[in-house]
Amino acid sequence: YLGALVQMGDRKEVIPFIQPGAAMEYALSTNIKKLSVKDKPSVALLQGHGEASLATIPQLNNQLSILYSVQPLEFSDTTGVPFQYKTLVVIAPKDTVPQFHFNYLDEFLNRGGRLLVALNTVAGDFNTGMGNKVSTGFETWLKQKGIEVEENFVIDASCSNIMVRQQQGQFMMNTPVQFPYLPAITNFTEHPITDGIESVVLIFASPIRFTTTDTSVVMFPLAVTSEKSGIQNPPLAFDVMKQWTLSDFTLSSLPVAALVEGKVSGTSGYKMVVFSDGDFAVNGEGQNAQQLSEDNISFMSNAIDWLSDDTGLIELRTKGVTARPLDASLEDGTKTLLKYLNFLLPLALVIIYGVFRFQLKRKKR
């Protein structure tokens with residue numbers, strides 16, 4: 001179909017194109033929500049420390065704006081998180097955060113607030129080819145809560161590619177090269193946040209370690225790396241042409257996203273989701289803007305939905321995702337065999353069936 005119309009009174013929402021295999025239930029449900037919800041709950045996006053702005057997260061903002069009013073929030077000398085906000089989102093702070101701002105965050109959690117922190121403790125620069133630590137104070141504050149986002153790089157055999165310009169004869173060609181510093185995460189804990197998520201590509205992530213001894217706090221990983229992963233300590237220089245071997249990936253199942261629930265007397269308790277990469281849902285601005293996968297956006301959207309106690313659309317949102325990557329733990333020879341088998345087996349079956357039909361007709365004649 002070329003389109004569909006959802007109408008309520010004199011208000012209309014148009015679905016311009018219905019693609020085969022798309023998450024149609026989600027498209028219909030979200031458009032109904034747009035028309036029927038009058039007073040949207042507010043979600044605060046923290047600003048003032050180099051965080052991602054609304055302009056740099058258009059995909060995420062478009063998805064969140066269906067259910068919420070996403071508003072930038074900047075702390076002042078006298079005010080912290082206003083009571084109108086139940087959920088606060090912090091994405092990729094870059095500057096040092098004053099201590100009294102962390103006091104505001106403590107007050108917010110103590111009244112039962114919901115907090116999402118997508119934090120970079122390391123950063124890579126493709127222009128210089130270097131990787132270094134990032135210090136904002138958030139890593140220290142989280143460590144006091146029992147969540148340590150380590151200051152090193154995760155590497156994973158299950159990873160995304162980068163394009164490298166190479167000389168081939170008289171021409172310069174862009175060649176895809178696997179880059180283990182961009183882990184493709186496919187191992188998720190069963191939870192509403194991860195429901196339907198299949199593959200999320202992180203950008204210079206770090207391992208998360210739980211250090212709390214407080215029995216009133218519940219922590220568990222939402223996403224972990226593959227069975228072939230490892231860490232590298234900054235500062236370091238990226239070698240995009242490095243021939244990676246199994247000896248580089250000596251660790252497995254390193255947490256890169258975590259859930260924290262704590263009990264606070266007199267409240268329903270606080271909730272917190274921590275990602276060890278602040279950039280996986282950030283498009284950027286201008287010429288640096290890039291289109292991100294639906295899974296990347298849905299992973300953060302699901303987390304905000306769960307924090308805000310609204311999980312109704314999570315299952316529908318991820319129904320149309322169909323990424324089916326090969327398991328990173330497979331040997332290269334096995335991967336090649338599966339690829340050729342996937343391509344040649346249907347052709348072989350058609351040929352065998354054709355020969356069978358030919359012989360059958362010849363016998364009849």
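So, a few notes on the structure that sits alongside this text.

Calculation notes
Residues numbered from 1 in each chain as written. Predicted model: local features only at pLDDT ≥ 70, side-chain atom pairs only at ≥ 80, totals over all residues. Heavy atoms only, no water. Helix = DSSP H or I, 4+ residues; strand = E, 2+ residues; numbered from the N terminus. Buried < 20%, exposed > 50% of the residue type's maximum accessible area, 1.4 Å probe, protein only. Pairing = 2+ DSSP bridges. Core = buried A, V, L, I, M, F, W, Y, C linked by side-chain atoms within 4.5 Å. Contact = heavy atoms within 4.5 Å. Polar contact = N/O pair within 3.5 Å; in protein donor to acceptor, adjacent residues only side chain to side chain. Salt bridge = Lys/Arg side-chain N within 4 Å of Asp/Glu carboxyl O. 1 Å grid on protein atoms, 1.4 Å probe; cavity = no way out; pocket = protein on both sides within 12 Å on 5 of 7 lines; lining within 4 Å. Points joined across faces, edges and corners; volume = space filled by probe spheres on them.

In this section: the environment of Pro346. Counting through the fold element by element, Pro346 comes out in helix H7 (residues 332-364). Accessibility expressed as a relative area gives 43% for Pro346, which makes it partly exposed. Sequence-wise, Pro346 and Lys133 are 213 residues apart; in three dimensions their C-alpha atoms are separated by 50 Å.

Another point: the sheet that holds strand S18 (residues 236-237). Ordered by their spatial adjacency, 3 strands build an open sheet running S7-S8-S18, and the pairing between neighbours is antiparallel. Lying at the two open borders of the sheet, with one neighbouring strand each, are strand S7 (122-125) and S18. Here S7 runs beside strand S8 (residues 130-133); their pairing, made up of 4 bridges, is antiparallel. Within the sheet, the bridge partner assigned to Gly124 lies in S8 and is Gly131.

This part covers the nonpolar core. Ranked by internal contacts, the top residues of the largest apolar core, which has 42 residues, are Ile91, Leu116, Val273, Phe275, Phe299 and Met300. When contributions to this core are tallied by element, the ones reaching two or more residues are strand S3 (42-47), helix H2 (58-64), strand S5 (87-91), strand S6 (114-118), strand S16 (217-224), strand S19 (255-262), strand S20 (270-275) and helix H5 (294-307). The element contributing the most residues to this core is H5, with 7 residues. When residues no more than four places from it in sequence are discounted, the contact partners of Val273 are Leu115, Leu116, Val117, Ile193, Leu222, Ala258, Leu259, Ala303, Trp306 and Leu307. Core analysis: the next-biggest nonpolar cluster, separate from the first, contains 31 residues, Tyr85, Leu105, Leu109 and Leu119 among them.

Attention now moves to the side chain of Thr194. Note on placement: Thr194 falls in the loop between strand S13 (187-188) and strand S14 (200-201). Only 2.4 Å separates the side chain of Thr194 from the backbone oxygen of Thr189, close enough to count as a polar contact.

This next bit is on the pattern of salt bridges. Counting across every chain of the model gives 6 salt bridges. Salt-bridge contacts for Lys145 lead to Asp106; the nearest nitrogen and oxygen are separated by 2.6 Å. With Lys145 in the loop between helix H4 (138-144) and strand S9 (147-149) and Asp106 in helix H3 (residues 99-110), the pair connects residues that are 39 residues apart, well separated along the chain. One salt bridge in this structure joins Glu151 and Lys133, with 3.7 Å as the shortest N-O distance. Of this pair, Glu151 sits in the loop between S9 and strand S10 (153-156) while Lys133 sits in strand S8, and the two are 18 residues apart along the sequence. We classify Glu151 as partly exposed; its relative accessible area is 28%. In the salt-bridge network here, residues are joined through shared partners; they are Lys143, Glu148, Glu150 and Arg209.

This next bit is on empty space enclosed by the protein. Throughout the structure, instances matching the rule amount to 2 cavities of 30 Å³ or more. Each pocket or cavity is described by its volume, and for the largest cavity that value is around 50 Å³. In terms of lining residues, the largest cavity is bounded by Ile185, Phe188, Val200, Leu202, Ala223, Val256, Ala257, Phe275, Ser276 and Phe299. Taken as a whole, the second largest cavity spans an internal volume of roughly 40 Å³.

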